[in-house]
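Tertiary structure, described
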Amino acid sequence: MILFLDFDGVLHPEGDASHPDGSTDFCFLPRLEVLLREFPHVRIVISSSWREKLAYKTLLKPFSEDIRARILGATPHSGFGLPHPFAHREGEIIAWLQLHDAVSEQWVALDDAEWQFDDYKDHLVVCGSFVGFDDETEAALRAHFERPVP
Ligand SMILES: [Mg+2]
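What counts, and where the lines are drawn
- Residues numbered from 1 in each chain as written.
- Predicted model: local features only at pLDDT ≥ 70, side-chain atom pairs only at ≥ 80, totals over all residues.
- Heavy atoms only, no water.
- Pairing = 2+ DSSP bridges.
- Helix = DSSP H or I, 4+ residues; strand = E, 2+ residues; numbered from the N terminus.
- Axes fitted to C-alpha atoms, helices over the stretch in contact; angles between N-to-C directions.
- Contact = heavy atoms within 4.5 Å.
- Donors = N, O, S within 2.8 Å, 3.2 Å for Na, K, Ca; no water.
- Buried < 20%, exposed > 50% of the residue type's maximum accessible area, 1.4 Å probe, protein only.
- Parallel < 35°, antiparallel > 145°, perpendicular 65-115°, else oblique.
- Left-handed = near helix turned anticlockwise from the far one by under 90°.
- Nonpolar A, V, L, I, M, F, W, Y, C, P; charged D, E, K, R; others polar.
- Salt bridge = Lys/Arg side-chain N within 4 Å of Asp/Glu carboxyl O.

1. What about the sheet that holds strand β4 (residues 107-111)?
Taken together, 5 strands build an open sheet; the order of strands is β3-β2-β1-β4-β5 and the sheet is parallel. Every other strand in the sheet has two partners, leaving β3 (71-74) and β5 (124-126) as the edge strands with one partner each. In this sheet, adjacent strand axes meet at a mean angle of 20 degrees when their direction is disregarded. Relative to β4, strand β1 (residues 2-5) runs parallel, the two being bridged by 4 bridges. Opposite Leu3, over in β4, you have Val108 as the bridge partner. On the sheet, helix α5 (residues 135-145) packs against β1, β4 and β5 and is oriented at approximately 170 degrees with respect to β5.

Rendered as structure tokens:
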């Protein structure tokens, strides 16, 4: 199971407090990490647009060490050496799966940008941009993590 993880509107509410310079609070990350520790089979790939602005090792800094060890990478940038132009975050996720021979893996995306997904909305847990990762989205994500491996 792979979790494609967005930052803004997920790990903290979208808004003035979010600065791609690393000063953001990541206030809901501890909550997500508690859930992830219950499901050690889940690996993480960062899909946030922060990956376009920050060095990879900087992206990993907010995570606890045990969770950081479970991060596989970040999705490729749209149109960046990909087989065909991917306009959406969904396409970047599919590209990552293809590039890593992982198209048959179970996956879920935690994101606040529903419009970035078309064909794979059933893989999406949507946070409210100004709410972030709350009780409701935690329950929805847990349901994905609890799905039996086929
Ligand atoms: Mg977002």
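2. Details of the coordination of the magnesium ion
At 2.0 to 2.3 Å from the magnesium ion lie its protein donor atoms, namely Asp6 (OD), Asp8 (O) and Asp112 (OD). In primary-sequence terms, the residues that donate to the magnesium ion follow D-x1-D-x103-D. Of the two residues, Asp8 is situated in the loop between β1 and α1 (29-38) and Asp112 in the loop between β4 and β5; the sequence distance between them amounts to 104 residues. Take Asp8 and Asp112: they sit in the same class, and that class is buried.

3. Looking at the packing of α1 against α5
Interaxial distance between α1 and α5 falls to 11 Å at its minimum, and their mutual angle equals 20 degrees. With respect to each other, α1 and α5 are oriented roughly parallel. When you trace α1 past α5, the crossing you get is right-handed. Residue-level contacts link Arg31, Leu32, Leu35, Leu36 and Glu38 of α1 to Asp135, Glu138, Leu141, Arg142 and Phe145 of α5. Its residues assigned to classes, the contact of α1 with α5 comprises 5 nonpolar, no polar and 5 charged.

4. Let's talk about the pattern of salt bridges
Following the criterion strictly, the structure yields 10 salt bridges and no others. Between Glu38 and Arg142 there is a salt bridge, and its shortest N-O distance comes to 2.9 Å. Of the two residues, Glu38 sits in helix α1 while Arg142 sits in helix α5, which places them 104 residues apart along the sequence. What makes Arg142 partly exposed here is its relative accessible area of 22%. Ionic pairing is found between Arg89 and Asp111, a salt bridge with its closest N-O pair at 3.0 Å. Of this pair, Arg89 sits in helix α4 (residues 89-99) while Asp111 sits in strand β4, and the two are 22 residues apart along the sequence. Here Arg89 and Asp111 have matching classes, each one buried. Overlapping salt bridges bring together Asp6, Arg89 and Asp111 as one network.

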